[in-house]
Amino acid sequence: MEGTCVQMLLALISLLCCTTNGARLTISPSRSQLFEGDFVSLICEEDDSSAGWTVRRNTTRQLSECGDRWRKAAGSSCNISVVFTRDSGVYWCESREGATSNSINLTVTGGSVILQSPVLPVMEGDDLTLSCQSKPPSNLPAAFYKDGSLIRTESTGHMTLHHVTRSDEGLYRCSISSHGESPPSWISVTETQEVTYPSPW
């Protein structure tokens, strides 16, 4: 019995102290849609800088890494001073050993309306705020859609969904009269997970 307790205690210690080093991709400004001509910075937030994390992407043109014929690499970050529609695609961090981070789907539009939505999945139970932005900026009402169906029109151009659930997951877009509509963006909702550890007894 005593030996079993010791083994379980050692397993608990390994769970707490011996996690795998990795990286998380973040983006600034924190949005998944951009206008042509905007600036964007992609950052690998890394637990282990010695792993040599690099921003990579997969666009309609090619699979490549930052600094490889596109934009400026700065350590484990990648700065794109002027984005074009051809920069639309999936971005992620990758180490020299081939480990990968989360991915971000970036959409660059040549249109005049974008949907500002969370880049990362929204936690179940949290509030979700969407903003419809035009170029040039306007204070006009905006209509918000999910999976092709109108949710509602907001005079402020912002819409908040309170205490989201998995049913709120889907493809969102917005439109502003006389300006046009945004590209669609997929919004994911993740379940709240409680972290539990094995009892050492």
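Before any of the text, the structure's been laid out above.
Conventions and cut-offs
Residues numbered from 1 in each chain as written. Predicted model: local features only at pLDDT ≥ 70, side-chain atom pairs only at ≥ 80, totals over all residues. Heavy atoms only, no water. Pairing = 2+ DSSP bridges. Helix = DSSP H or I, 4+ residues; strand = E, 2+ residues; numbered from the N terminus. Axes fitted to C-alpha atoms, helices over the stretch in contact; angles between N-to-C directions. Core = buried A, V, L, I, M, F, W, Y, C linked by side-chain atoms within 4.5 Å. Buried < 20%, exposed > 50% of the residue type's maximum accessible area, 1.4 Å probe, protein only. Disulfide = S-S within 2.5 Å.

A.B. asks: I'd like a rundown of the sheet that holds strand β10 (residues 113-116), residues and numbers included.
C.D. replies: On the basis of which strands lie adjacent, the open sheet formed by three strands has the order β10-β12-β15 and antiparallel pairing. Of all strands in the sheet, those bounded by a partner on one side alone are β10 and β15 (158-161). When the angles between neighbouring strand axes are averaged without regard to direction, this sheet yields 15 degrees.

A.B. asks: I'd like a description of the sheet that holds strand β2 (residues 33-35), backed by residues and values.
C.D. replies: Across the sheet, which stays open at both edges, the five strands sit in the order β2-β9-β8-β4-β5 with mixed pairing between neighbours. Both outer strands of the open sheet, β2 and β5 (63-65), are each paired with one neighbouring strand and no more. Strand-to-strand twist in this sheet, taken as the mean axis angle between neighbours without regard to direction, amounts to 30 degrees. Sheet analysis places strand β4 (residues 54-59) next to β5, joined by three bridges and oriented antiparallel. Its bridge partner being in β5, Arg57 is matched across the sheet by Ser64.

A.B. asks: How would you summarise the nonpolar core if you had to cite specific residues and measurements?
C.D. replies: The nonpolar side chains of a soluble globular protein tend to be buried with one another. Counting residues in hydrophobic clusters, the biggest one holds 20 residues, and the most contacted among them are Ile27, Leu42, Val55 and Tyr91. Secondary structure elements with two or more residues in this core: β1 (23-28), β3 (40-46), β7 (77-80), β8 (89-94) and β9 (100-109). If you look at the next biggest cluster of nonpolar residues, it comprises 16 residues, including Val122, Leu130, Leu161 and Ile176.

A.B. asks: Got a sec to walk through the state of the cysteines? Specific residues and values, please.
C.D. replies: Evaluated as defined, the whole model comprises three disulfides. Each sulfur of the disulfide joining Cys44 and Cys93 lies 2.2 Å from the other. Judged by the sign of its S-S torsion, about -110 degrees, the cystine formed by Cys44 and Cys93 is left-handed. With Cys44 in strand β3 and Cys93 in strand β8, this residue pair connects regions lying 49 residues apart in the sequence. Side by side, Cys44 and Cys93 carry an identical accessibility label, which is buried. Disulfide pairing is shown between Cys132 and Cys174; the S-S distance is 2.1 Å. On the S-S bond that ties Cys132 to Cys174, the torsion sits near 85 degrees, and the link is right-handed.

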